[in-house]
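# Coordinate analysis (summary)
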Amino acid sequence: MTTTVGVESSTTPPPGLAPPQRRLPLANTIFCVVVVSFCIIPFLLVIAISFGEKIEGAAWRWSFDHSNYLRFFVGADWPDTRTTLYIRRLWFSFYYAIIASVLAVATAFPFAYVMSRQSRRSQTLWLVFLLSAVSLSEVFVVMGWDILLSNRSGLPMVFKETGLTDWLKTSGWFEVLREWGLANPRNVRFKPTDFATIVTMSYLVWPYAVILLYPALARIDNSMLEAARTMGAPPLTVLRTVVLPSVRLPVIGTTLILFVFLLGSYVAITVFAHPSRQTLAVSVYDSVRGATMNAPFGAAQAIVLLITAVLVLLIVWMIGRRTEALQ
Amino acid sequence: MPGVSLQQINKQFGNDTAVSPTDLEFNDGELTALLGPSGCGKTTLIRMIAGLETPSGGRILLDGQNITDQPAHIRRFGMVFQSFALFPHLTVTDNVGYSLKINGVGKEQREQRAQELLDLVQMPQFGKRRIGELSGGQRQRVAIARALAQQPSIFLLDEPMSALDAKLREEMQVELRLLQQRLGITTIVVTHDQREAMTMADRIVVMKKGQVEQVGTPDEIYNNPASLFVASFIGKANFINGIIRRGTVIVGNNELATADKPGFIDGSSVTLFSRPERCRIVDNTGENTMRGEVTYVRNVGSLFEYHLTTDIGPLIIEKPNLQGNSPITKGQQILVQLPADSIKTFPALAA
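Residues numbered from 1 in each chain as written. Chains lettered and ligands numbered in written order. Predicted model: local features only at pLDDT ≥ 70, side-chain atom pairs only at ≥ 80, totals over all residues. Heavy atoms only, no water.

## Thoughts on the interface of chain A and chain B
Our working definition: Two residues qualify as a contact provided that any one of their heavy atoms is within 4.5 Å of a heavy atom in the partner residue. Accessible area, probed at 1.4 Å, shrinks when two parts are joined; the buried area is that loss added up over both. What counts as a salt bridge is simple: a side-chain nitrogen of Lys or Arg found within 4 Å of a carboxyl oxygen of Asp or Glu. The definition of a polar contact used here is a pair of N or O atoms within 3.5 Å, where within protein one atom must be able to donate a hydrogen and the other to accept one, and adjacent residues in sequence count solely through side-chain atom pairs. For the purposes of this entry, the term helix denotes a DSSP run of H or I that reaches at least four residues, the term strand denotes a run of E that reaches at least two, and both are numbered from the N terminus. Ten residues, namely Ala, Val, Leu, Ile, Met, Phe, Trp, Tyr, Cys and Pro, are considered nonpolar, four, namely Asp, Glu, Lys and Arg, are considered charged, and the remaining ones, Gly among them, are considered polar.
Between chain A and chain B, the residue contacts involve 21 residues of the former and 27 residues of the latter. Between chain A and chain B, a total of about 1,900 Å² is buried, with carbon and sulfur atoms accounting for 62% of that surface. For the pair chain A and chain B, the number of links is one salt bridge. One salt bridge connects E226(A) with R47(B), and the closest N-O pair in it is separated by 2.7 Å. Linking chain A to chain B there are seven residue pairs in polar contact (both at pLDDT 80 or more). When residues of the side of chain A that touches chain B are traced back to their parent elements, those giving at least two are α11 (222-230) and α12 (235-246) of chain A. Looking at the side of chain A that touches chain B, its residues break down into 10 nonpolar, eight polar and three charged.

If you want it as C-alpha cells, here you go:
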C-alpha cells in the first residue's frame with residue numbers, strides 16, 4: 001500500500017514547479033554529432049557506393065548504377081543466364097546464424113539457470129571465468145577448433161586410434177555419419193562441414209549467451225519456484241510453467257542479439273564451411289578487399305544482408321507482440 | 001482434516017544447528033503459530049514440513065503416515081510465502097488455478113474453482129487482472145486463494161503479513177483467522193510478531209535458537225510464560241532482580257511477596273516478572289506497595305503507559321484511557337502495588 005502512495009505522489013509533480021530539464025543541450029549536441037558521424041554518414045556512404053560502377057582493371061567511380069543489385073539477385077549475365085549464387089550465400093548467412101544462435105541459447109540456458117541458483121561466490125567465479133573466455137578473439141577460438149577437428153591430428157585421429165571408428169563401422173553408425181557428410185570412406189571427418197561451422201559459431205557466442213541470460217534468471221524469485229513445487233509441480237514442470245515464461249523475452253532477445261552478431265562471422269566460415277556453402281560476409285570481404293576489388297558490389301551485398309536482417313528482426317518482433325496480445 | 005506430528009525433527013546447515021531435535025504436534029483444524037526472533041529456526045521448521053528442506057534427522061508424520069521422504073510436489077501442502085511468490089506472467093485467475101492446471105483439471109472447472117476462491121477471499125472481480133496491478137493486500141489474498149485451490153491437507157504461511165503495512169496487517173490477521181475457522185483447515189503460521197500470533201493462533205510455539213521454549217494457548221503463554229525469554233518476547237513486562245530470603249523476595253530495601261512458591265533456596269538470585277496492566281495504583285500502603293515518581297506518560301490512545309522510578313527500580317504500568325485524559329501527570333508521586341498473584345519468579349540469568 002505504501003508503495004502505491006509513493007508512486008502516485010512521485011508521478012504528479014507539485015504545482016508551481018517546472019518539470020526538470022531532461023538533458024543538457026551540450027550533451028544532446030554531442031550525442032547527435034556522434035550518431036551522425038559514426039553511424040549515419042558511413043551508412044549513407046555504403047548505400048552510395050553500392051550504386052557505384054566498377055572499372056575493369058582499376059578501382060570504381062561514383063555512379064547511379066543498379067547493376068550491382070541485379071548481379072546479386074539474378075547474376076551479371078542476366079537475362080542470358082541466371083545465377084542464384086549470392087542468394088544462396090545470403091541464405092547460408094541466415095542458416096548458420098539462426099542454428100548457431102538457437103543452439104547457443106538452448107545449451108547456455110540450462111547452464112545459466114543452474115548457475116543462477118548457486119551461491120553468490122560460485123556465481124561470481126563462473127561469471128569471471130566466462131568474461132575471460134569472451135576475451136579470446138575469434139581467430140584464436142577458431143584456431144583451437146581447427147586443430148581439434150582437423151582430419152590428421154584432431155578428433156578423427158582419436159576416433160581412429162581408440163578404435164571408435166571401427167566400432168562405428170561394425171555397428172552401422174558409420175553409414176549414417178557418411179550420409180550426414182561427417183565421414184569419408186576411411187574415417188570420420190569434420191572439415192569442411194556445416195556441423196563444424198555451427199558448433200564453432202555457437203561456441204564463439206556461448207559465453208555471451210550465458211552472460212545475457214544470467215540477469216533475468218538470477219532475478220527469478222526462488223520462492224516462486226518453491227510455491228510451484230508446493231502446488232504439485234515436479235522440477236521439469238516448474239521449469240516449463242514458471243521459469244521459461246518469466247524469461248521468455250530475455251531468451252528471445254538474447255537469441256536475436258547472437259543471431260545478428262553471427263551474421264557477420266567470417267573466420268569460422270572460411271575455416272570450416274565448404275566453399276560452396278559460404279556466406280555473404282565472406283563474399284563481401286572478397287569483393288571489397290579480396291581478389292576482385294569490387295567495392296560497389298561488396299557494398300550492395302552488405303546492404304541486402306542488412307535489409308534482410310532488419311526484416312527478420314521486424315517479423316520476430318511482430319510475432320512477439322501478437323503472442324503478447326493473445327495472453 | 002489430518003494433523004501433523006514431528007518426531008525428533010532437526011536440521012543442520014554445515015556446523016550450524018538451525019533446528020535442534022524437536023517433537024511437535026499440530027492438531028486437526030487448529031491454527032498454530034511458530035513464534036520467535038529471526039534466526040530461531042521457525043522458517044526452517046515450516047520449510048521442512050512443506051518438503052522444501054530435507055531434515056537432517058527425525059520423522060514427519062501426516063495422519064500417522066511417514067512423509068519425511070516425500071518431495072514438496074507430492075505433499076502438496078498449500079504455502080503462502082513472505083513475498084507472496086505470485087506468478088507475474090499469469091492473470092489472477094490463472095495464478096489461483098495453477099495447481100489445478102498442472103494436475104490436469106480442465107479449463108472450465110479450473111476457472112469455476114478459481115472464482116469460488118476469489119469470492120472466498122473477497123476479490124470476486126479481480127480474476128482478469130495482472131499481478132502487477134494489485135496492491136499488497138490484494139496480492140496476499142490471491143496468494144491465500146492460490147494456496148487453498150488444491151484443497152491442501154495442511155495450510156502453511158511463512159511470515160504472511162510482513163509485507164503489509166501495520167493497519168492492513170491487523171485487518172488481515174482477523175480475516176485470515178476467520179477464514180481458517182470457516183474452513184477448519186490445519187494451519188501453521190510462522191511469525192516474529194507476537195501480536196500476530198496472539199491474534200490468530202489456537203496454540204503458539206515459541207522458539208529460540210532452534211529450540212522450542214514453550215507450547216501453549218495464547219493465554220497460557222501470555223500469563224504463564226515458561227521462561228524469562230518467553231516472558232520478554234511476548235508482550236510488555238517489568239523485570240525486577242532480587243534475592244530469595246525466607247520465602248519472600250528482597251529487592252533493595254523492599255520485601256515482595258509472590259504467589260508462586262518455586263523451590264528456590266535462600267540466597268538465590270531471581271528475576272521477577274509482572275505485566276504492566278496488572279500493576280495497581282493505590283491510595284494506601286499495603287502488601288507489595290511502593291512509592292514511585294512518574295517520569296514519563298505515554299499516550300497510546302486506548303491506554304496510558306506510566307514510566308515510574310521506584311525503590312525497586314524502573315517500572316512501567318498501564319491504565320485504560322477511560323476519561324480521555326490522564327489522571328496522573330509527569331513528576332507526580334504515586335503509590336504502586338504489584339499484587340502477589342501477578343508476580344512470577346524466574347531464576348536470574350547468569351550475569
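## Some details on unusual backbone geometry
Peptide bonds are trans in most cases, and residues, glycine excluded, mostly fall at negative phi. Short version of the rule: Think of it in three bands: with a 1.4 Å probe and only protein chains considered, a residue is buried below 20% of the maximum accessible area for its type, exposed above 50%, and partly exposed in between.
With omega at 10 degrees, the peptide bond leading from W78(A) into P79(A) counts as cis. Inspection of the secondary structure assignment puts P79(A) in the loop between α3 (67-74) and α4 (85-116). Put simply, K191(A) and P192(A) share a cis peptide bond, and its omega is -10 degrees. Of note, P192(A) is situated in the loop between α9 (173-179) and α10 (194-219). The backbone of E159(B) sits at a positive phi, close to 45 degrees, despite the residue not being glycine. Among the secondary structure elements, E159(B) is positioned in the loop between β7 (154-158) and α7 (166-183). Relative accessible area serves as the criterion here: at 8%, E159(B) is assigned to the buried category.

## Examining the sheet that holds strand β4 (residues 57-62) of chain B
Two modes of strand pairing occur in sheets, parallel and antiparallel, and in both the strands are linked by backbone hydrogen bonds. All names here are of chain B. Convention followed: When DSSP finds two or more bridges between two strands, those strands count as paired. Fitted lines through C-alpha atoms give the axes, limited to the stretch in contact for helices. The angle between two N-to-C directions lies from 0 to 180 degrees.
Reading across the sheet, the four strands line up as β2-β1-β4-β5 and stay open at both edges, with antiparallel pairing between neighbours. Because the sheet does not close on itself, it has two edges, and the strands there are β2 (16-26) and β5 (65-66). Pairing between strand β1 (residues 4-13) and β4: five bridges, direction antiparallel. Note on β4: the bridge partner recorded for S5 is L61. Lying on the sheet, helix α1 (residues 42-50) is in contact with β1, β2 and β4; it crosses β1 at an angle near 120 degrees.

## A look at the sheet that holds β7(B)
Residue and element names in this part refer to chain B. Pairing in this open sheet of six strands is mixed, and the strands run β6-β7-β8-β3-β9-β10 from one edge to the other. The open sheet has two edge strands with one neighbour each: β6 (78-80) and β10 (211-216). Recorded for the sheet is a direction-independent mean angle of 15 degrees between the axes of neighbouring strands. Relative to strand β8 (residues 186-191), β7 is paired through five bridges, and the arrangement is parallel. Residue pairing across strands places F155 opposite T187, the latter belonging to β8.

## A closer look at the packing of aromatic side chains
Let me state the cut-off plainly: Working definition: a ring pair exists when centres of Phe, Tyr or Trp rings (six-membered ring for Trp) sit within 6.5 Å. Plane angles under 30 degrees give stacked, over 60 give edge-to-face, the rest tilted. Lysine and arginine charges are scored as sitting over a ring when NZ or CZ, respectively, is within 6 Å of the ring centre and within 35 degrees of the ring normal.
Across all of its chains, the model carries 24 aromatic pairs over all chains by this definition. Between F111(A) and W206(A), the aromatic rings sit 5.2 Å apart at their centres with planes inclined by 55 degrees, giving tilted as the arrangement. In this pair, F111(A) is assigned in helix α4 and W206(A) in helix α10, connecting sequence segments 95 residues apart. The class of F111(A) is partly exposed, set by a relative accessible area of 23%. Taking the relative accessible area as the measure of exposure, W206(A) reaches 21% and is therefore partly exposed. Among the aromatic residues, ring-to-ring pairing joins F72(A), F73(A), Y86(A) and F297(A) into one connected group. In this arrangement the basic side chain of K169(A) is found over the ring face of F174(A), its NZ or CZ atom lying 5.1 Å from the centre. Taking the ring centre of F87(B) as reference, the NZ or CZ of R146(B) above it sits at 4.6 Å.

## Re α11(A)
Every α-helix winds through 3.6 residues per turn, so residues three or four apart in the chain are directed the same way. All names here are of chain A. The buried count for α11 comes to seven of nine residues, which makes it a mostly enclosed element. Turning to α11, its buried residues are S223, M224, L225, E226, A227, A228 and T230. Of the residues flanking the end of α11, it is G232, one or two places downstream, whose phi is positive at about 100 degrees.

## So, the pattern of salt bridges
Pairs can form between side chains of opposite charge once their charged atoms are near each other. Residues and elements named next belong to chain B. Here the structure, examined in full by the defined rule, presents 17 salt bridges over all chains. In this structure, E318 engages K236 in a salt bridge whose closest nitrogen and oxygen atoms are separated by 4.0 Å. In this pair, E318 sits in strand β18 (residues 313-320) while K236 sits in the loop between α10 (228-233) and β11 (238-245), placing the two residues 82 residues apart along the sequence. Each member of the salt-bridge network shares a partner with another, and the members are K236, R298, E305 and E318.

## Side note on the confidence of the model for chain A
All names here are of chain A. Note the threshold: Per residue, pLDDT measures the predictor's confidence, with a range of 0 to 100.
Chain-level statistics for chain A give a pLDDT mean of 87 and a share of 92% at 70 or above. When the elements of chain A are averaged for pLDDT, helix α1 (residues 2-11) gives the smallest value, 39, and α4 the largest, 95. Across residues 1-14, where pLDDT falls below 50, the model places five contacts with residues more than four positions away in sequence or in other chains.

## Topic: the packing of α4(A) against helix α15 (residues 280-288) of chain A
Residues and elements named next belong to chain A. To be explicit about the condition: In what follows, roughly perpendicular refers to angles from 65 to 115 degrees, roughly parallel to angles under 35, roughly antiparallel to angles over 145, and oblique to any angle outside these ranges.
Running from N to C, α4 and α15 cross one another at 125 degrees; their axes reach a closest spacing of 8 Å. Between α4 and α15, the crossing angle belongs to the class labelled oblique. Across the interface between the two elements, Y86, R89, L90 and S93 of α4 pack against L280, A281 and S283 of α15.

## Examining the layout of surface pockets
Residue and element names in this part refer to chain B. Test applied: Using only the protein atoms, space was sampled on a 1 Å grid; points where a 1.4 Å probe fits but cannot get out form cavities, open sets with protein on both sides within 12 Å along at least five of seven lines form pockets, and lining residues are those with an atom within 4 Å of a point. Grid points are joined across faces, edges and corners, and a volume is the space filled by probe spheres set on the points. Domain start and stop points were drawn from an automatic or database domain assignment.
Taken as a whole, the second largest pocket encloses approximately 380 Å³ of empty space. Q194, R195, G235, K236 and E318 are the residues nearest the centre of the second largest pocket, which is lined by 14 residues in total. At the level of elements, α8 (194-200) and β17 (303-310) are the ones that each hand at least two residues to the lining of the second largest pocket. The element best represented in the lining of the second largest pocket is α8, accounting for four residues. Grouping the constituent residues of the lining of the second largest pocket by class yields four nonpolar, four polar and six charged. Two domains each provide a minimum of three residues to the lining of the second largest pocket, namely domain 1 (4-232) and domain 2 (236-347).

## A short note on the pairing of β18(B)
Residues and elements named next belong to chain B. Strand direction decides the pairing type here: β17 and β18, joined by eight bridges, are antiparallel. The residue bridging L308 from the neighbouring strand is L315, located in β18. Hairpin connection between β17 and β18: a loop of two residues separates the two successive antiparallel strands.

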